[in-house]
Amino acid sequence: MVELTHGGTWLKWSTLERTDRNWAILSFVTSFLAALPIGLLSGEWGYRLGHRMGSGGAEAHHRSIQEIFGPQLFSTMMLGAAVLAAVSAFAWWRFSRNQDEMFNRIQNYALAQACCWTFAVAFVWCLLELGGWVGPLPLVALVILGFALLMGFWFYAVRRWL
Amino acid sequence: MAVTTQLLSLRNERGWTQAQLAAEVGVSRQTINSIETGRFEPSLSLALKLAKLFELPVETIFGLVEGR
């Protein structure tokens, strides 16, 4: 059974069985590869947001990620990221299934809280957008928010129960 | 209502380590530690597994007290 170390930031590798190690490695590698194109998109989104907030620079001359790679390669990259993310989620689900109730309680708490709060933010944002108060919410911003909340609730749960 | 436990004293009486007890009931050593220190309330199935292992009624190992 896995033990969490460093305040929940890492797994104690020696406590894992061989099968669990393989599932964990598969999940880590595929999520890393899936995150590469997502990282490019979030970088572009951050650049545009920074520009709108007055950081300067020439946004008019900035080429989008889609333009840099071309629509064909860009679509393939996005499809690849989606497939790799699905493989990563499956591997992590198989890994989690072999762990004890402490690990699963921490994980389920963090997932449930992060999903609820991300949905709430998206819902309120949509209402504000319908009222013309704000612009459309970029999907990548929602993904980043979801992951940030997931990490926050994960560390909170580790401090609470572990 | 808060859950109290006698797990630490019962384990010490039998001379078991946390790791040994954890292996017997199929959880991690950290889980046993958290139950003993009162930070984590186990599921019913884990409480019953512990009761079976110690050959004691579950209410001897775990109890309820007023307040938190």
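Given the structure is predicted, the values throughout are model-derived calculations rather than measurements. (Residues numbered from 1 in each chain as written. Chains lettered and ligands numbered in written order. Predicted model: local features only at pLDDT ≥ 70, side-chain atom pairs only at ≥ 80, totals over all residues.)

1. Some remarks on the overall build of chain A
The helix and strand tally for chain A stands at five helices and two strands. The order of helices and strands in chain A, counted from the N terminus, is β-β-α-α-α-α-α. Along the first, second and third principal axes, the C-alpha atoms of chain A reach 55 × 35 × 25 Å. A buried classification covers 16% of the 162 residues belonging to chain A. Put simply, of all contacts in chain A between residues at least 6 apart along the chain, 71% involve residues at least 24 apart. (Helix = DSSP H or I, 4+ residues; strand = E, 2+ residues; numbered from the N terminus. Buried ≥ 20, exposed ≤ 12 C-beta atoms within 10 Å, placed from the backbone. Contact = placed C-beta atoms within 7 Å.)

2. Concerning the packing of helix α1 (residues 18-52) of chain A against helix α5 (residues 139-161) of chain A
Residues and elements named next belong to chain A. Interaxial distance between α1 and α5 falls to 9 Å at its minimum, and their mutual angle equals 110 degrees. Considered as vectors, α1 and α5 are oriented roughly perpendicular to each other. Across the interface between the two elements, I38, L41, S42 and W45 from α1 touch V140, A141, V143 and I144 from α5. Taken together, the residues of the contact of α1 with α5 break down into seven nonpolar, one polar and no charged. (Axes fitted to C-alpha atoms, helices over the stretch in contact; angles between N-to-C directions. Parallel < 35°, antiparallel > 145°, perpendicular 65-115°, else oblique. Nonpolar A, V, L, I, M, F, W, Y, C, P; charged D, E, K, R; others polar.)

3. Quick word on the nonpolar core
Judged by nonpolar contacts, the single largest core of 23 residues is most densely connected at A:V2, A:M102, A:I106, A:A110, B:V27, B:I32 and B:L50. Looking at this core, the elements that each hand over two or more residues are α4 (101-130) and α5 of chain A together with α2 (18-25), α3 (29-36) and α4 (44-54) of chain B. In contact with A:A110, not counting residues within four places along its chain, are A:L150, A:F153, A:W154 and A:A157. (Core = buried A, V, L, I, M, F, W, Y, C linked by C-beta atoms within 7 Å.)

4. Here's the deal with the confidence of the model for chain B
Close reading of the predicted structure is inappropriate where its pLDDT is low. Averaged over all residues, the pLDDT of chain B is 94; the fraction at 70 or higher stands at 99%. Model confidence for the complex: the whole-complex pTM is 0.84, and ipTM, which rates the interface, is 0.88. (pLDDT = per-residue confidence, 0-100.)

5. Some points on the confidence of the model for chain A
On average, chain A scores 91 in pLDDT, and the residues at 70 or more come to 97%. Within chain A, no element has a lower average pLDDT than helix α2 (residues 65-69) of chain A, which sits at 83, and none a higher one than α4(A), at 96.

6. Considering α4(A)
With 30 residues, α4(A) extends 43 Å between its outermost C-alpha atoms, agreeing within 8% with the 44 Å of an ideal straight helix rising 1.5 Å per residue. Listed as buried for α4(A) are A:M102, A:F103, A:I106, A:A110 and A:A114. Of the surrounding secondary structure, the elements contacted by the buried residues of α4(A) are α5 of chain A together with α3 of chain B. (Expected span 1.5 Å × (residues − 1).)

7. Concerning the interface of chain A and chain B
Facing the 10 residues of chain A at the interface are 11 residues of chain B. Here the side of chain A that touches chain B is composed, by residue class, of six nonpolar, one polar and three charged.

8. A short note on α3(B)
Turning to α3(B), its buried residues number three or more, namely B:Q30, B:T31, B:I32 and B:I35. Those residues of α3(B) that are buried lie in contact with β1 (4-5) and α4 of chain A together with β1 (2-5), α1 (7-14) and α2 of chain B. Once α3(B) finishes, B:G38 follows within two positions and takes phi at roughly 80 degrees, a positive value.

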